[in-house]
There are 2 protein chains.
Amino acid sequence: MNDFDTVRDYLTGLQDRICHAIEGADGRARFVEDLWQRPEGGGGRTRVLRDGAVFEQAGIGFSDVSGTALPPSASANRPELAGASWRACGVSLVFHPHNPHLPTTHANVRHFRAMRDGETVAWWFGGGFDLTPFYPLDEDVLHWHRTARALCEPFGGQARYDAHKQWCDEYFFLKHRNETRGVGGLFFDDLHGDFDADFAYMRAVGDGFLDAYLPIVERRKDTPCSEREREFQLYRRGRYVEFNLVYDRGTLFGLQSGGRAESILMSLPPRVRWEYGFAPEAGSEESRLAAYLHPRDWLAELA
Amino acid sequence: MNDFDTVRDYLTGLQDRICHAIEGADGRARFVEDLWQRPEGGGGRTRVLRDGAVFEQAGIGFSDVSGTALPPSASANRPELAGASWRACGVSLVFHPHNPHLPTTHANVRHFRAMRDGETVAWWFGGGFDLTPFYPLDEDVLHWHRTARALCEPFGGQARYDAHKQWCDEYFFLKHRNETRGVGGLFFDDLHGDFDADFAYMRAVGDGFLDAYLPIVERRKDTPCSEREREFQLYRRGRYVEFNLVYDRGTLFGLQSGGRAESILMSLPPRVRWEYGFAPEAGSEESRLAAYLHPRDWLAELA
């Protein structure tokens, strides 16, 4: 079974399920949908929930886009694919909660294929999810990574988790700040071994996201928070913007290739601040974060 | 006269004069200075004024940095310079006023040279200033561009103004939004004809900045403003962040080459917001801005 439409149907269903669960967790706001089409081929459905009880903004997009000639930049590692027609579909989300004690999160699953004369000549899967806490709690980080580790079980177990956890740490890294975006999770790209197994893994990552995130939402959404904590959250959201606009390949490729700017940039936080020369006071709650912004073996260290 | 130290002395003096004038215009806050050194050579003095009566944040940096081997990326257009030692100095500023009726502004002047065996083998000047209004007023745009035009008079007059005004429009352009960052001004790079004349032009641009900006500050700093106008300013500041992090070569080169992140990113606004799918209401004050975000012959159209 090697069917683009089967992947596509999984992805639209995943978007529906996540929206349903997030509306339930929020309890107040609903997702609003924008359908859009791309002049070069394909389109998508962008859904945004705003000003909720829990989520300041939750954006989740499905897209299914295609083109007649793969650009050289997209086929640099596979020169044999240059000029092939292509089609790609994916679901991508970024959730920005109000409460600084509830981490920001991102997840993405995607499928790509290249075709000549209607025949698939290459395909791959990619995806992952990662967590960006402001006031990290070991219990949450441990739950997040245990969920990631568990979903890898049928797909190589510890070796798969280790590899894709490391890839996540390396990808979500702000070189100019010498820190990771958060506590990581899983990240993979260009996975093309056995189609059924790789598709199943992509589904496990997509399905696993809610298992990883919802319990943290339930635990932290009502934690009391101060103005100082809110200000620290807005400050740290600046690093999220820096990562997405300076480093994130999906964002930059999307903007450069004429993608729908509003859908791409719905990953950016609703409110952000920068403060020149800010450094948390030694011993403060804010100073705890730094220890979580470099790669660590969470499962061994926190268990 | 072809002396790096003379340029450097002009630049430190320019920084002093601008700080003095901005403190005077603000009337409340003072610049705080950070001196820093770069392990690879050189350093700078970063000055930031915050929470003023007029300026939410005003950042102005002087730097004088050097290296032993010009990286290939910096000498792509001049392969004969690859591996030369180099030294560069400049002043760069971004001012973010509180009042949405007072535009954000940026200015930069810089000098670069490459050396072999202690002898200068190449040099050039660059610089410019540009204005980013939220509620543009023709009177201000006209004054801004008249000042730019006037300072060009001894350096080619209209032809110089036209060329560097166009370069500014092209440089400060957000492709993914299909709009300029603001109403432009002057921008030039790689100017290397007659040293004395080019240095004099760089000084005219540096000195002209206050002539261009201060009258606008005086006129607009006390304009009453509403919460709605403030929110629109924060929203439009998002575009400033998008430009600086996605397109600005100075920012990206600085971050990639291990520059001092806090000094580079002091260009970012203290507070910003993004709003998915925002579009100003037809006929609103906010809807007026769009007409100012594409290249126009301001001097002919507004005079």
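Residues numbered from 1 in each chain as written. Chains lettered and ligands numbered in written order. Predicted model: local features only at pLDDT ≥ 70, side-chain atom pairs only at ≥ 80, totals over all residues. Heavy atoms only, no water.

- As annotated in an unreviewed UniProt entry, chain A carries the name Oxygen-dependent coproporphyrinogen-III oxidase and is attributed to Luteimonas terrae.
- You can read under Sequence similarities (unreviewed entry) in the UniProt record for chain A the words "Belongs to the aerobic coproporphyrinogen-III oxidase family."
- In UniProt, chain A has this text filed under Subcellular location (unreviewed entry): "Cytoplasm". (UniProt positions renumbered as here; feature names shortened; annotations may be inferred.)

1. A closer look at the pairing of strand S1 (residues 32-37) of chain A
All names here are of chain A.
Piece 1. With six bridges connecting them, S1 and strand S2 (residues 42-50) associate as antiparallel partners. Among the inter-strand pairings, Leu35 is bridged to a residue of S2, identified as Arg45.
Piece 2. Turn length for the S1-S2 hairpin, with the two strands adjacent in sequence and antiparallel, is four residues, and the turn residue Gly41 shows positive phi of about 135 degrees. (Pairing = 2+ DSSP bridges. Helix = DSSP H or I, 4+ residues; strand = E, 2+ residues; numbered from the N terminus.)

2. Thoughts on the UniProt feature "site: Important for dimerization" (unreviewed entry) in chain A
Piece 1. Feature annotation in UniProt assigns "site: Important for dimerization" (unreviewed entry) to the following positions: A:His176.
Piece 2. With relative accessibility at 13%, the residue A:His176 sits in the buried group.
Piece 3. Setting aside chain neighbours within four positions, we find A:His176 in contact with A:Glu242, A:Tyr247, B:Leu255, B:Ala261 and B:Leu265. (Buried < 20%, exposed > 50% of the residue type's maximum accessible area, 1.4 Å probe, protein only. Contact = heavy atoms within 4.5 Å.)

3. Brief notes about the UniProt feature "active site" (unreviewed entry) in chain A
Residues and elements named next belong to chain A.
Piece 1. UniProt records the feature "active site" (unreviewed entry) at His106, using the numbering of this structure.
Piece 2. Relative to the assigned elements, His106 resides in strand S5 (residues 104-116).
Piece 3. On the accessibility criterion, His106 (14% relative accessible area) is buried.
Piece 4. Not counting residues up to four positions away in its chain, the partners in contact with His106 are Ser92, Leu93, Val94, Gly128, Phe129, Asp130, Phe172, Arg181 and Tyr240.
Piece 5. A polar side-chain atom of His106 sits 2.9 Å from a polar atom in the side chain of Asp130. (Polar contact = N/O pair within 3.5 Å; in protein donor to acceptor, adjacent residues only side chain to side chain.)

4. Concerning the relation of the copies chain B and chain A
Piece 1. Mapping chain B onto chain A calls for a screw motion: a turn of 180 degrees about the axis and a shift of 0.0 Å along it, with 0.0 Å RMSD after fitting. The two molecules are tied by a two-fold rotation axis, judged by turn and shift.
Piece 2. When the interface residues of chain B are mapped onto chain A, 100% of them again lie at the interface, so the same face is used by both copies. (Least-squares fit on C-alpha atoms with pLDDT ≥ 70 in both.)

5. A word on the sheet that holds strand S3 (residues 55-67) of chain B
All names here are of chain B.
Piece 1. Ordered by their spatial adjacency, seven strands build an open sheet running S1-S2-S3-S4-S5-S6-S9, and the pairing between neighbours is antiparallel. Bordering the open sheet on either side are strand S1 (32-37) and strand S9 (184-191), each of which pairs with just one other strand. Strand-to-strand twist across the sheet, computed as the mean angle between neighbouring axes with direction ignored, equals 5 degrees.
Piece 2. Of the strands in this sheet, strand S5 (104-116), strand S6 (119-132) and S9 are in contact with helix H2 (residues 138-151), which crosses S9 at around 35 degrees.
Piece 3. Packing against the sheet, helix H3 (residues 158-171) makes contact with S6 and S9, and its axis sits at approximately 100 degrees to S9. (Axes fitted to C-alpha atoms, helices over the stretch in contact; angles between N-to-C directions.)

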